[in-house]
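# Summary of structural features
This is what each chain is made of:
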Number of protein chains: 2
Amino acid sequence: MRWIKLTVAYDGTAYCGWQYQPACPSVQGAVEDALGRITGEPIRTIASGRTDAGVHALGQVVSFSTGSRLSAEVFQRALNAELPHDVAVVAAEEAPAGFHATHDARRKRYRYVIHDGPVRDVFRVRYAWHVYQRLDAERMDRAAKTLVGTHDFRSFETSGSPRANTVRTLFEIEVRRGRGGEGDLVVTEIEADGFLYNMARAIVGTLVEVGRGARPEPWVAGVLAANERSAAGPTAPPQGLFLVKVEY
Amino acid sequence: MRWIKLTVAYDGTAYCGWQYQPACPSVQGAVEDALGRITGEPIRTIASGRTDAGVHALGQVVSFSTGSRLSAEVFQRALNAELPHDVAVVAAEEAPAGFHATHDARRKRYRYVIHDGPVRDVFRVRYAWHVYQRLDAERMDRAAKTLVGTHDFRSFETSGSPRANTVRTLFEIEVRRGRGGEGDLVVTEIEADGFLYNMARAIVGTLVEVGRGARPEPWVAGVLAANERSAAGPTAPPQGLFLVKVEY
(Lines give C-alpha, C1' and ligand atoms only; values in the text may rest on other atoms or scores of the structure.)
Protein backbone atom coordinates (compact mmCIF):
# COMPACT_ATOMS: atom_id res chain seq x y z
CA MET A 1 0.00 0.00 0.00
CA ARG A 2 1.02 3.62 -0.62
CA TRP A 3 -0.15 6.78 1.09
CA ILE A 4 -1.06 9.86 -0.91
CA LYS A 5 -1.59 13.38 0.42
CA LEU A 6 -3.82 15.70 -1.57
CA THR A 7 -4.30 19.44 -1.11
CA VAL A 8 -7.85 20.19 -2.17
CA ALA A 9 -9.65 23.50 -2.87
CA TYR A 10 -13.41 23.69 -3.02
CA ASP A 11 -16.25 26.12 -3.27
CA GLY A 12 -18.48 24.71 -0.51
CA THR A 13 -21.69 26.42 -1.64
CA ALA A 14 -23.23 23.35 -3.25
CA TYR A 15 -22.17 20.87 -0.57
CA CYS A 16 -23.38 19.67 2.82
CA GLY A 17 -19.78 20.01 3.93
CA TRP A 18 -16.69 17.85 3.67
CA GLN A 19 -18.04 14.74 5.35
CA TYR A 20 -19.92 12.03 3.50
CA GLN A 21 -23.65 12.04 4.17
CA PRO A 22 -26.30 9.93 2.52
CA ALA A 23 -28.74 11.86 0.33
CA CYS A 24 -26.73 15.07 0.43
CA PRO A 25 -23.76 15.98 -1.79
CA SER A 26 -20.48 16.10 0.13
CA VAL A 27 -16.98 17.01 -0.98
CA GLN A 28 -15.72 13.72 0.45
CA GLY A 29 -18.26 11.86 -1.67
CA ALA A 30 -17.14 13.72 -4.81
CA VAL A 31 -13.46 12.96 -4.14
CA GLU A 32 -14.10 9.31 -3.29
CA ASP A 33 -16.29 8.81 -6.36
CA ALA A 34 -13.53 10.25 -8.55
CA LEU A 35 -10.87 8.07 -6.87
CA GLY A 36 -13.05 5.03 -7.38
CA ARG A 37 -13.40 5.73 -11.10
CA ILE A 38 -9.64 6.28 -11.46
CA THR A 39 -8.38 3.29 -9.47
CA GLY A 40 -11.23 0.82 -9.60
CA GLU A 41 -10.79 0.46 -5.81
CA PRO A 42 -13.28 1.62 -3.18
CA ILE A 43 -11.13 4.28 -1.51
CA ARG A 44 -11.91 5.90 1.82
CA THR A 45 -10.34 9.33 2.35
CA ILE A 46 -9.41 11.13 5.55
CA ALA A 47 -9.39 14.94 5.78
CA SER A 48 -7.64 17.27 8.22
CA GLY A 49 -11.08 17.96 9.63
CA ARG A 50 -14.68 18.42 8.62
CA THR A 51 -15.86 21.64 7.11
CA ASP A 52 -19.52 22.58 7.44
CA ALA A 53 -22.07 23.13 4.69
CA GLY A 54 -21.20 26.24 2.71
CA VAL A 55 -17.65 26.53 4.11
CA HIS A 56 -14.86 26.72 1.52
CA ALA A 57 -11.30 25.45 1.36
CA LEU A 58 -8.18 26.75 -0.32
CA GLY A 59 -6.03 23.99 1.15
CA GLN A 60 -7.94 21.15 2.77
CA VAL A 61 -5.59 18.19 3.22
CA VAL A 62 -6.87 14.74 2.33
CA SER A 63 -5.05 11.44 2.74
CA PHE A 64 -5.74 7.94 1.50
CA SER A 65 -3.97 4.67 0.92
CA THR A 66 -4.14 2.76 -2.30
CA GLY A 67 -2.76 -0.24 -4.13
CA SER A 68 -2.61 1.81 -7.34
CA ARG A 69 0.80 2.52 -8.90
CA LEU A 70 -0.24 5.85 -10.42
CA SER A 71 2.16 8.64 -9.52
CA ALA A 72 0.93 11.47 -7.31
CA GLU A 73 1.12 13.81 -10.32
CA VAL A 74 -1.05 11.50 -12.41
CA PHE A 75 -3.53 11.24 -9.52
CA GLN A 76 -3.78 15.04 -9.48
CA ARG A 77 -4.45 15.33 -13.21
CA ALA A 78 -6.86 12.43 -13.32
CA LEU A 79 -8.78 13.75 -10.30
CA ASN A 80 -9.05 17.23 -11.78
CA ALA A 81 -10.49 15.71 -14.94
CA GLU A 82 -13.03 13.65 -12.94
CA LEU A 83 -14.02 16.09 -10.18
CA PRO A 84 -16.89 18.57 -10.47
CA HIS A 85 -15.77 22.11 -11.31
CA ASP A 86 -16.16 23.40 -7.75
CA VAL A 87 -13.56 20.95 -6.39
CA ALA A 88 -9.90 20.85 -7.50
CA VAL A 89 -6.72 19.13 -6.37
CA VAL A 90 -4.10 21.87 -6.14
CA ALA A 91 -1.26 19.55 -5.06
CA ALA A 92 -0.62 15.82 -4.65
CA GLU A 93 2.38 14.04 -3.17
CA GLU A 94 3.53 10.74 -1.73
CA ALA A 95 3.14 10.64 2.04
CA PRO A 96 4.98 8.53 4.63
CA ALA A 97 3.40 5.16 5.37
CA GLY A 98 0.54 5.59 7.80
CA PHE A 99 0.14 9.34 7.17
CA HIS A 100 -3.19 10.42 8.68
CA ALA A 101 -4.54 13.84 7.66
CA THR A 102 -6.59 14.26 10.85
CA HIS A 103 -4.27 12.96 13.55
CA ASP A 104 -1.03 14.32 12.15
CA ALA A 105 -2.27 17.91 11.70
CA ARG A 106 -0.27 20.40 13.80
CA ARG A 107 -1.62 23.81 12.79
CA LYS A 108 -4.61 25.04 10.84
CA ARG A 109 -5.25 28.43 9.37
CA TYR A 110 -8.72 29.79 8.62
CA ARG A 111 -9.75 33.01 6.89
CA TYR A 112 -13.09 34.70 7.40
CA VAL A 113 -14.27 37.35 4.93
CA ILE A 114 -16.85 40.01 5.83
CA HIS A 115 -18.22 42.46 3.27
CA ASP A 116 -19.49 45.63 4.96
CA GLY A 117 -20.31 47.79 1.94
CA PRO A 118 -23.76 49.40 1.83
CA VAL A 119 -25.06 47.30 -1.09
CA ARG A 120 -24.52 43.55 -1.38
CA ASP A 121 -21.82 42.52 -3.81
CA VAL A 122 -23.33 39.88 -6.08
CA PHE A 123 -19.87 38.40 -6.73
CA ARG A 124 -19.20 37.95 -3.01
CA VAL A 125 -22.52 36.68 -1.65
CA ARG A 126 -21.23 33.10 -1.86
CA TYR A 127 -17.84 34.02 -0.37
CA ALA A 128 -18.43 36.60 2.36
CA TRP A 129 -20.80 37.55 5.17
CA HIS A 130 -22.58 40.77 4.26
CA VAL A 131 -22.82 42.97 7.35
CA TYR A 132 -24.77 46.16 6.67
CA GLN A 133 -23.14 48.19 9.44
CA ARG A 134 -19.64 49.58 8.87
CA LEU A 135 -17.15 47.79 11.12
CA ASP A 136 -14.14 49.16 12.97
CA ALA A 137 -11.51 46.62 11.94
CA GLU A 138 -8.82 48.10 14.20
CA ARG A 139 -11.00 47.70 17.28
CA MET A 140 -11.77 44.13 16.23
CA ASP A 141 -8.06 43.42 15.78
CA ARG A 142 -7.15 44.78 19.23
CA ALA A 143 -9.91 42.77 20.89
CA ALA A 144 -8.92 39.64 18.92
CA LYS A 145 -5.34 39.79 20.17
CA THR A 146 -6.55 38.95 23.70
CA LEU A 147 -7.39 35.46 22.42
CA VAL A 148 -3.81 34.59 21.45
CA GLY A 149 -2.25 31.86 23.58
CA THR A 150 -3.26 28.57 25.15
CA HIS A 151 -6.77 28.78 26.61
CA ASP A 152 -9.93 26.84 27.21
CA PHE A 153 -11.99 27.97 24.21
CA ARG A 154 -15.28 26.33 25.20
CA SER A 155 -17.03 29.72 25.07
CA PHE A 156 -16.52 29.51 21.30
CA GLU A 157 -17.69 25.93 20.81
CA THR A 158 -21.17 25.25 19.52
CA SER A 159 -22.98 23.26 22.16
CA GLY A 160 -24.27 19.81 21.31
CA SER A 161 -20.87 18.65 20.09
CA PRO A 162 -18.57 18.82 23.12
CA ARG A 163 -14.95 17.72 22.83
CA ALA A 164 -13.30 16.07 25.81
CA ASN A 165 -10.55 18.65 25.75
CA THR A 166 -11.49 22.22 24.92
CA VAL A 167 -8.03 23.71 25.40
CA ARG A 168 -6.43 24.96 22.20
CA THR A 169 -3.45 27.14 21.36
CA LEU A 170 -4.25 30.11 19.17
CA PHE A 171 -0.96 31.13 17.57
CA GLU A 172 -2.10 34.12 15.60
CA ILE A 173 -5.18 36.18 14.85
CA GLU A 174 -5.38 39.28 12.71
CA VAL A 175 -8.31 41.41 11.58
CA ARG A 176 -7.63 43.90 8.79
CA ARG A 177 -9.57 45.96 6.30
CA GLY A 178 -8.81 45.29 2.63
CA ARG A 179 -7.04 47.85 0.48
CA GLY A 180 -7.62 49.22 -2.99
CA GLY A 181 -10.67 47.59 -4.54
CA GLU A 182 -11.17 45.55 -1.36
CA GLY A 183 -11.89 48.47 0.96
CA ASP A 184 -15.32 47.03 1.80
CA LEU A 185 -13.83 43.78 3.09
CA VAL A 186 -12.83 42.95 6.65
CA VAL A 187 -10.68 39.82 6.70
CA THR A 188 -9.87 37.79 9.81
CA GLU A 189 -7.06 35.21 9.72
CA ILE A 190 -6.77 32.72 12.61
CA GLU A 191 -4.12 30.09 13.12
CA ALA A 192 -4.32 27.49 15.90
CA ASP A 193 -3.25 23.95 16.71
CA GLY A 194 -6.87 22.92 16.30
CA PHE A 195 -10.39 24.32 16.32
CA LEU A 196 -13.44 23.32 18.32
CA TYR A 197 -16.73 22.91 16.46
CA ASN A 198 -17.69 26.30 14.95
CA MET A 199 -14.88 28.00 16.90
CA ALA A 200 -13.64 30.20 14.06
CA ARG A 201 -17.17 31.35 13.24
CA ALA A 202 -18.04 31.99 16.90
CA ILE A 203 -14.89 34.08 17.33
CA VAL A 204 -15.73 36.15 14.24
CA GLY A 205 -19.35 36.60 15.33
CA THR A 206 -18.08 37.83 18.69
CA LEU A 207 -15.55 40.23 17.15
CA VAL A 208 -18.27 41.71 14.93
CA GLU A 209 -20.16 42.76 18.08
CA VAL A 210 -17.11 44.83 18.98
CA GLY A 211 -16.58 46.04 15.41
CA ARG A 212 -20.08 47.45 15.17
CA GLY A 213 -19.80 49.11 18.57
CA ALA A 214 -22.38 46.96 20.36
CA ARG A 215 -19.76 45.74 22.84
CA PRO A 216 -16.57 47.25 24.28
CA GLU A 217 -13.16 45.82 23.35
CA PRO A 218 -12.44 44.13 26.73
CA TRP A 219 -15.69 42.16 26.43
CA VAL A 220 -13.92 39.60 24.21
CA ALA A 221 -11.44 38.67 26.95
CA GLY A 222 -14.42 38.33 29.28
CA VAL A 223 -16.18 35.97 26.87
CA LEU A 224 -13.08 33.76 26.78
CA ALA A 225 -12.84 33.76 30.58
CA ALA A 226 -16.54 32.95 31.03
CA ASN A 227 -16.10 29.41 29.70
CA GLU A 228 -19.63 29.16 28.40
CA ARG A 229 -21.04 29.51 24.92
CA SER A 230 -23.88 31.82 25.94
CA ALA A 231 -21.31 34.49 26.79
CA ALA A 232 -20.13 34.83 23.19
CA GLY A 233 -21.65 36.56 20.16
CA PRO A 234 -23.62 34.78 17.43
CA THR A 235 -21.96 32.29 15.10
CA ALA A 236 -20.96 33.95 11.83
CA PRO A 237 -22.56 32.31 8.77
CA PRO A 238 -20.60 29.64 6.85
CA GLN A 239 -20.08 31.28 3.46
CA GLY A 240 -17.39 33.69 4.72
CA LEU A 241 -15.15 30.91 6.04
CA PHE A 242 -12.16 29.41 4.19
CA LEU A 243 -9.84 26.66 5.42
CA VAL A 244 -6.59 28.19 4.15
CA LYS A 245 -3.93 25.62 5.02
CA VAL A 246 -2.98 22.78 7.33
CA GLU A 247 0.54 22.14 8.58
CA TYR A 248 1.95 18.74 9.53
CA MET B 1 -44.97 59.53 -15.40
CA ARG B 2 -41.38 59.55 -14.11
CA TRP B 3 -38.29 57.92 -15.54
CA ILE B 4 -35.86 56.02 -13.31
CA LYS B 5 -32.36 54.87 -14.23
CA LEU B 6 -30.96 51.90 -12.34
CA THR B 7 -27.38 50.61 -12.35
CA VAL B 8 -27.60 46.87 -11.83
CA ALA B 9 -24.94 44.25 -11.01
CA TYR B 10 -25.56 40.57 -11.51
CA ASP B 11 -23.88 37.22 -11.43
CA GLY B 12 -25.23 35.82 -14.69
CA THR B 13 -24.47 32.16 -13.92
CA ALA B 14 -28.03 31.18 -13.06
CA TYR B 15 -29.71 33.18 -15.83
CA CYS B 16 -30.51 32.77 -19.52
CA GLY B 17 -29.24 36.30 -19.92
CA TRP B 18 -30.70 39.75 -19.42
CA GLN B 19 -33.68 39.43 -21.73
CA TYR B 20 -37.00 38.01 -20.63
CA GLN B 21 -37.68 34.51 -21.93
CA PRO B 22 -40.56 32.24 -21.09
CA ALA B 23 -39.60 29.11 -19.11
CA CYS B 24 -36.07 30.31 -18.41
CA PRO B 25 -34.96 32.64 -15.60
CA SER B 26 -33.80 36.03 -16.90
CA VAL B 27 -32.39 39.02 -15.05
CA GLN B 28 -35.03 41.21 -16.69
CA GLY B 29 -37.73 38.91 -15.33
CA ALA B 30 -36.26 39.11 -11.83
CA VAL B 31 -36.10 42.92 -11.92
CA GLU B 32 -39.59 43.30 -13.38
CA ASP B 33 -41.09 40.88 -10.85
CA ALA B 34 -39.51 42.87 -8.02
CA LEU B 35 -40.72 46.18 -9.49
CA GLY B 36 -44.21 44.74 -9.82
CA ARG B 37 -44.27 43.71 -6.15
CA ILE B 38 -43.00 47.13 -5.06
CA THR B 39 -45.26 49.35 -7.19
CA GLY B 40 -48.26 47.18 -7.93
CA GLU B 41 -47.85 48.21 -11.58
CA PRO B 42 -46.79 45.92 -14.43
CA ILE B 43 -43.47 47.60 -15.31
CA ARG B 44 -41.52 46.92 -18.45
CA THR B 45 -37.77 47.69 -18.21
CA ILE B 46 -35.28 48.60 -20.91
CA ALA B 47 -31.58 47.76 -20.59
CA SER B 48 -28.52 49.22 -22.33
CA GLY B 49 -28.33 45.94 -24.20
CA ARG B 50 -28.85 42.22 -23.79
CA THR B 51 -26.24 40.13 -22.10
CA ASP B 52 -26.08 36.42 -22.92
CA ALA B 53 -26.58 33.45 -20.62
CA GLY B 54 -23.74 33.29 -18.08
CA VAL B 55 -22.46 36.82 -18.79
CA HIS B 56 -22.15 39.10 -15.75
CA ALA B 57 -22.67 42.80 -15.14
CA LEU B 58 -21.05 45.25 -12.77
CA GLY B 59 -22.99 48.18 -14.21
CA GLN B 60 -25.83 47.24 -16.54
CA VAL B 61 -28.09 50.27 -16.98
CA VAL B 62 -31.84 49.73 -16.83
CA SER B 63 -34.56 52.32 -17.35
CA PHE B 64 -38.28 52.32 -16.76
CA SER B 65 -41.15 54.73 -16.36
CA THR B 66 -43.61 54.56 -13.51
CA GLY B 67 -46.52 56.34 -11.89
CA SER B 68 -45.09 55.56 -8.47
CA ARG B 69 -43.95 58.42 -6.23
CA LEU B 70 -41.24 56.43 -4.48
CA SER B 71 -37.89 58.21 -4.53
CA ALA B 72 -35.03 56.66 -6.50
CA GLU B 73 -33.30 55.86 -3.21
CA VAL B 74 -36.34 54.02 -1.89
CA PHE B 75 -36.59 52.11 -5.18
CA GLN B 76 -33.00 50.98 -4.73
CA ARG B 77 -33.52 49.74 -1.18
CA ALA B 78 -36.83 48.09 -1.91
CA LEU B 79 -35.43 46.37 -5.00
CA ASN B 80 -32.41 45.06 -3.11
CA ALA B 81 -34.73 43.60 -0.50
CA GLU B 82 -36.89 41.92 -3.18
CA LEU B 83 -34.27 40.78 -5.69
CA PRO B 84 -32.54 37.40 -5.57
CA HIS B 85 -29.05 37.50 -4.06
CA ASP B 86 -27.27 37.33 -7.40
CA VAL B 87 -28.83 40.60 -8.62
CA ALA B 88 -28.34 43.98 -6.92
CA VAL B 89 -29.13 47.62 -7.69
CA VAL B 90 -25.90 49.52 -7.07
CA ALA B 91 -27.34 52.96 -7.94
CA ALA B 92 -30.70 54.52 -8.75
CA GLU B 93 -31.52 58.03 -9.91
CA GLU B 94 -34.20 60.10 -11.57
CA ALA B 95 -33.70 60.30 -15.34
CA PRO B 96 -34.89 62.93 -17.84
CA ALA B 97 -38.33 62.30 -19.32
CA GLY B 98 -38.10 59.77 -22.11
CA PHE B 99 -34.69 58.41 -21.06
CA HIS B 100 -34.08 55.18 -22.96
CA ALA B 101 -31.26 52.93 -21.71
CA THR B 102 -30.74 51.31 -25.13
CA HIS B 103 -31.01 54.23 -27.53
CA ASP B 104 -29.25 56.81 -25.41
CA ALA B 105 -26.14 54.71 -24.67
CA ARG B 106 -22.98 56.33 -26.04
CA ARG B 107 -20.15 54.08 -24.81
CA LYS B 108 -19.96 50.65 -23.27
CA ARG B 109 -17.08 49.01 -21.46
CA TYR B 110 -16.64 45.25 -21.16
CA ARG B 111 -14.06 43.27 -19.20
CA TYR B 112 -13.06 39.72 -20.05
CA VAL B 113 -11.20 37.61 -17.48
CA ILE B 114 -9.04 34.62 -18.43
CA HIS B 115 -7.42 32.36 -15.84
CA ASP B 116 -4.35 30.63 -17.25
CA GLY B 117 -3.00 28.90 -14.16
CA PRO B 118 -2.18 25.19 -14.44
CA VAL B 119 -5.01 24.04 -12.11
CA ARG B 120 -8.54 25.41 -12.28
CA ASP B 121 -9.38 27.92 -9.57
CA VAL B 122 -12.65 26.77 -8.00
CA PHE B 123 -13.45 30.36 -6.96
CA ARG B 124 -13.08 31.62 -10.53
CA VAL B 125 -14.77 28.92 -12.62
CA ARG B 126 -17.97 30.99 -12.68
CA TYR B 127 -16.11 34.23 -13.41
CA ALA B 128 -13.27 33.43 -15.81
CA TRP B 129 -12.36 31.33 -18.83
CA HIS B 130 -9.80 28.72 -17.80
CA VAL B 131 -7.18 28.39 -20.54
CA TYR B 132 -4.63 25.68 -19.77
CA GLN B 133 -1.86 27.14 -21.90
CA ARG B 134 0.11 30.09 -20.53
CA LEU B 135 -0.69 33.23 -22.54
CA ASP B 136 1.61 36.06 -23.60
CA ALA B 137 -0.47 39.05 -22.51
CA GLU B 138 1.93 41.60 -24.01
CA ARG B 139 1.63 40.02 -27.46
CA MET B 140 -2.15 39.99 -27.08
CA ASP B 141 -2.11 43.66 -26.10
CA ARG B 142 -0.02 44.70 -29.08
CA ALA B 143 -2.24 42.73 -31.47
CA ALA B 144 -5.37 44.16 -29.83
CA LYS B 145 -4.25 47.74 -30.39
CA THR B 146 -4.68 47.27 -34.17
CA LEU B 147 -8.45 47.11 -33.57
CA VAL B 148 -8.71 50.62 -32.12
CA GLY B 149 -10.62 53.06 -34.29
CA THR B 150 -13.72 53.09 -36.48
CA HIS B 151 -13.99 49.88 -38.48
CA ASP B 152 -16.41 47.39 -39.91
CA PHE B 153 -16.29 44.71 -37.17
CA ARG B 154 -18.40 42.08 -38.96
CA SER B 155 -15.52 39.58 -38.66
CA PHE B 156 -16.27 39.61 -34.93
CA GLU B 157 -20.06 39.27 -35.15
CA THR B 158 -21.68 35.89 -34.60
CA SER B 159 -23.48 34.97 -37.79
CA GLY B 160 -27.23 34.45 -37.71
CA SER B 161 -27.85 37.82 -36.07
CA PRO B 162 -26.66 40.43 -38.59
CA ARG B 163 -27.00 44.14 -37.82
CA ALA B 164 -27.73 46.52 -40.68
CA ASN B 165 -24.67 48.55 -39.76
CA THR B 166 -21.59 46.67 -38.60
CA VAL B 167 -19.32 49.70 -38.25
CA ARG B 168 -18.36 50.51 -34.66
CA THR B 169 -15.79 52.72 -33.01
CA LEU B 170 -13.49 50.95 -30.59
CA PHE B 171 -12.12 53.66 -28.31
CA GLU B 172 -9.83 51.57 -26.17
CA ILE B 173 -8.64 48.01 -25.70
CA GLU B 174 -6.09 46.78 -23.21
CA VAL B 175 -4.87 43.29 -22.32
CA ARG B 176 -2.82 42.96 -19.14
CA ARG B 177 -1.70 40.28 -16.76
CA GLY B 178 -2.83 40.64 -13.15
CA ARG B 179 -0.35 41.42 -10.38
CA GLY B 180 0.21 40.05 -6.93
CA GLY B 181 -2.30 37.32 -6.16
CA GLU B 182 -3.78 37.76 -9.64
CA GLY B 183 -0.72 36.69 -11.62
CA ASP B 184 -2.68 33.85 -13.24
CA LEU B 185 -5.27 36.24 -14.70
CA VAL B 186 -5.21 37.91 -18.11
CA VAL B 187 -7.76 40.72 -18.21
CA THR B 188 -8.99 42.42 -21.38
CA GLU B 189 -10.88 45.72 -21.17
CA ILE B 190 -12.70 46.99 -24.28
CA GLU B 191 -14.58 50.23 -24.67
CA ALA B 192 -16.61 51.05 -27.79
CA ASP B 193 -19.65 53.03 -28.90
CA GLY B 194 -21.48 49.75 -29.27
CA PHE B 195 -20.88 46.03 -29.72
CA LEU B 196 -22.12 43.61 -32.36
CA TYR B 197 -23.54 40.29 -31.18
CA ASN B 198 -20.75 38.35 -29.39
CA MET B 199 -18.18 40.92 -30.56
CA ALA B 200 -16.31 41.19 -27.25
CA ARG B 201 -16.10 37.40 -26.91
CA ALA B 202 -15.02 36.93 -30.56
CA ILE B 203 -12.27 39.53 -30.11
CA VAL B 204 -11.00 37.79 -26.96
CA GLY B 205 -11.15 34.35 -28.60
CA THR B 206 -9.10 35.76 -31.48
CA LEU B 207 -6.54 37.40 -29.19
CA VAL B 208 -6.08 34.13 -27.30
CA GLU B 209 -4.92 32.50 -30.54
CA VAL B 210 -2.12 35.07 -30.60
CA GLY B 211 -1.46 34.79 -26.86
CA ARG B 212 -0.90 31.06 -27.05
CA GLY B 213 1.36 31.41 -30.06
CA ALA B 214 -0.93 29.69 -32.57
CA ARG B 215 -1.11 32.83 -34.71
CA PRO B 216 1.27 35.76 -35.32
CA GLU B 217 0.46 39.24 -34.02
CA PRO B 218 -0.41 40.78 -37.43
CA TRP B 219 -3.05 38.10 -37.96
CA VAL B 220 -5.54 40.11 -35.87
CA ALA B 221 -5.41 43.09 -38.24
CA GLY B 222 -5.95 40.62 -41.08
CA VAL B 223 -9.02 39.17 -39.38
CA LEU B 224 -10.49 42.66 -39.06
CA ALA B 225 -9.77 43.41 -42.73
CA ALA B 226 -11.26 40.10 -43.94
CA ASN B 227 -14.80 41.20 -43.06
CA GLU B 228 -16.03 37.68 -42.45
CA ARG B 229 -16.61 35.75 -39.26
CA SER B 230 -14.80 32.61 -40.41
CA ALA B 231 -11.54 34.57 -40.41
CA ALA B 232 -11.62 35.12 -36.64
CA GLY B 233 -10.81 32.83 -33.71
CA PRO B 234 -13.43 30.98 -31.66
CA THR B 235 -15.89 32.84 -29.44
CA ALA B 236 -14.66 32.95 -25.85
CA PRO B 237 -17.13 31.38 -23.37
CA PRO B 238 -19.61 33.64 -21.55
CA GLN B 239 -18.53 33.26 -17.92
CA GLY B 240 -15.42 35.45 -18.32
CA LEU B 241 -17.39 38.46 -19.61
CA PHE B 242 -18.52 41.42 -17.50
CA LEU B 243 -20.44 44.48 -18.68
CA VAL B 244 -18.52 47.07 -16.64
CA LYS B 245 -20.27 50.36 -17.40
CA VAL B 246 -22.39 52.25 -19.87
CA GLU B 247 -22.04 55.97 -20.56
CA TYR B 248 -24.82 58.26 -21.72
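Residues numbered from 1 in each chain as written. Chains lettered and ligands numbered in written order. Predicted model: local features only at pLDDT ≥ 70, side-chain atom pairs only at ≥ 80, totals over all residues. Heavy atoms only, no water.

With that settled, consider the pattern of salt bridges. Throughout the structure, instances matching the rule amount to 49 salt bridges over all chains. E189 of chain B is paired through a salt bridge with R111 of chain B; the nearest N and O atoms lie 2.5 Å apart. Here E189 of chain B, found in strand β9 (residues 185–192), pairs with R111 of chain B, found in strand β5 (residues 107–115); they are 78 residues apart in sequence, far enough to count as distant. Overall, E189 of chain B belongs to the buried group, its relative accessible area being 6%. For R111 of chain B, a relative accessible area of 26% puts it in the partly exposed group. Via salt bridges that share partners, R107, R109, R111, E172, E174, R176, E189 and E191 of chain A belong to a single interconnected network. (Salt bridge = Lys/Arg side-chain N within 4 Å of Asp/Glu carboxyl O. Helix = DSSP H or I, 4+ residues; strand = E, 2+ residues; numbered from the N terminus. Buried < 20%, exposed > 50% of the residue type's maximum accessible area, 1.4 Å probe, protein only.)

Another point: the relation of the copies chain B and chain A. For the pair of chain copies, the relating operation is a rotation around an axis with a shift along it. At an RMSD of 0.0 Å, chain B and chain A line up after a rotation of 180 degrees and a shift of 0.0 Å along the axis. Expressed as an axis order, the relation between the two copies is that of a two-fold axis. Across chain B, the smallest distance between a C-alpha and the rotation axis is recorded for F123 of chain B, namely 5.1 Å. Looking at the interface residues of chain B, 100% of them are also at the interface in chain A, so both copies use one shared face. (Least-squares fit on C-alpha atoms with pLDDT ≥ 70 in both. Contact = heavy atoms within 4.5 Å.)

Residue and element names in this part refer to chain A. Where helix α1 (residues 27–39) contacts helix α2 (residues 72–82), the axes come no closer than 9 Å and their chain directions differ by 115 degrees. The chirality of how α1 crosses α2 is right-handed. In contact with V31, A34, L35, R37, I38 and T39 of α1, α2 contributes F75, A78, L79 and E82. For the contact of α1 with α2, a count of residues per class yields 7 nonpolar, 1 polar and 2 charged. (Axes fitted to C-alpha atoms, helices over the stretch in contact; angles between N-to-C directions. Left-handed = near helix turned anticlockwise from the far one by under 90°. Nonpolar A, V, L, I, M, F, W, Y, C, P; charged D, E, K, R; others polar.)

This next bit is on the pairing of strand β1 (residues 2–10) of chain B. Note on strand geometry: in a regular strand, side chains alternate between the two faces of the sheet. All names here are of chain B. Most of β1 sits inside the fold, with 8 of its 9 residues counted as buried. Where β1 and strand β3 (residues 56–66) come together, 8 bridges link them in antiparallel fashion. In the sheet register, Y10 faces β3, and the bridge partner there is A57. With 8 bridges connecting them, β1 and strand β4 (residues 87–95) associate as antiparallel partners. Its bridge partner being in β4, Y10 is matched across the sheet by V87. (Pairing = 2+ DSSP bridges.)

Once that is clear, we can look at helix α2 (residues 72–82) of chain B. Helical geometry: 3.6 residues make up each α-helical turn, so side chains three or four residues apart lie on a common side. All names here are of chain B. Looking at α2, one finds that the buried residues are A72, F75, Q76, L79 and N80. Take α2 and look down its axis: the buried residues cluster within an arc of 125 degrees, on one side only. Away from its buried face, by an angle of more than 90 degrees, α2 presents the exposed residues R77 and A81. In the core, the buried residues of α2 are packed alongside β1, α1 (27–39), β3 and β4. (Arc of directions from axis to C-beta.)

Residues and elements named next belong to chain A. As assigned here, chain A comprises domain 1 (2–95) and domain 2 (107–247). Here the C-alpha centre of domain 2 lies 27 Å away from the C-alpha centre of domain 1. Taken residue by residue, the interface counts 16 residues in domain 1 and 16 residues in domain 2. Carbon and sulfur atoms supply 53% of the area buried between domain 1 and domain 2, which totals about 1200 Å² over both sides. For the interface between domain 1 and domain 2, the tally reads 2 salt bridges. Measuring nitrogen to oxygen at the nearest pair gives 3.0 Å for the salt bridge that ties D11 to R126. Joining domain 1 to domain 2, the criterion identifies 12 residue pairs in polar contact (both at pLDDT 80 or more). Split into classes, the residues belonging to the side of domain 1 that touches domain 2 amount to 5 nonpolar, 8 polar and 3 charged. (Domains from an automatic or database assignment. Buried area = accessible area lost by both parts, 1.4 Å probe. Polar contact = N/O pair within 3.5 Å; in protein donor to acceptor, adjacent residues only side chain to side chain.)

Further remarks concern the state of the cysteines. All names here are of chain A. What the rule picks out here adds up to 2 disulfides over all chains. Disulfide pairing places C16 opposite C24 at an S-S distance of 1.3 Å. For C16, a relative accessible area of 18% corresponds to the buried category. (Disulfide = S-S within 2.5 Å.)

So, about the packing of aromatic side chains. Throughout the structure, instances matching the rule amount to 16 aromatic pairs over all chains. Summarising the aromatic geometry, the rings of F99 of chain A and Y248 of chain A are spaced 5.0 Å apart at their centres and angled 65 degrees between planes, so their arrangement reads as edge-to-face. On the criterion of sequence distance, the pair formed by F99 of chain A in the loop between β4 (87–95) and β5 (107–115) and Y248 of chain A in the segment after β10 (241–247) is long-range, its members being 149 residues apart. Among the residues examined, Y248 of chain A registers a relative accessible area of 31% and is labelled partly exposed. What links up through ring pairs into an aromatic cluster is the set F123 of chain A together with Y127 and F242 of chain B. Across the ring face of F171 of chain A, the terminal group of R107 of chain A is positioned such that the distance to the ring centre comes to 3.9 Å. (Phe/Tyr/Trp six-rings, centres within 6.5 Å; stacked < 30°, edge-to-face > 60°. Lys NZ or Arg CZ within 6 Å of the ring centre and 35° of its normal.)

Residue and element names in this part refer to chain B. Position of R168 relative to the elements: it lies in strand β8 (residues 167–177). Buried and unpaired, R168 has no salt bridge, with D193 as the nearest side chain of opposite charge at 5.0 Å. Among the polar contacts listed, one links the side chain of R168 to the backbone oxygen of N165, at a separation of 2.8 Å. Contact partners of R168, with chain neighbours within four places excluded, come to G149, T150, H151, F153, R163, D193, G194, F195, L196 and M199. (Lys, Arg positive; Asp, Glu negative; His and termini not counted.)

The next thing to look at is the interface of chain B and chain A. Listed as interface residues are 24 residues of chain B and, on the opposing side, 24 residues of chain A. When residues of chain B are sorted by the area they lose upon contact with chain A, R120, V122 and F123 of chain B head the list and together hold 41% of the total. Summed over the shared surface of chain B and chain A, the result is 0 salt bridges. Across the chain B-chain A interface, the total number found is 10 residue pairs in polar contact (both at pLDDT 80 or more). When contributions to the side of chain B that touches chain A are tallied by element, the ones reaching two or more residues are β1, β3, α2 and β4 of chain B. Per element, the largest residue contribution to the side of chain B that touches chain A is 4 residues, and it comes from β4 of chain B. Taken together, the residues of the side of chain B that touches chain A sort by class into 16 nonpolar, 4 polar and 4 charged.

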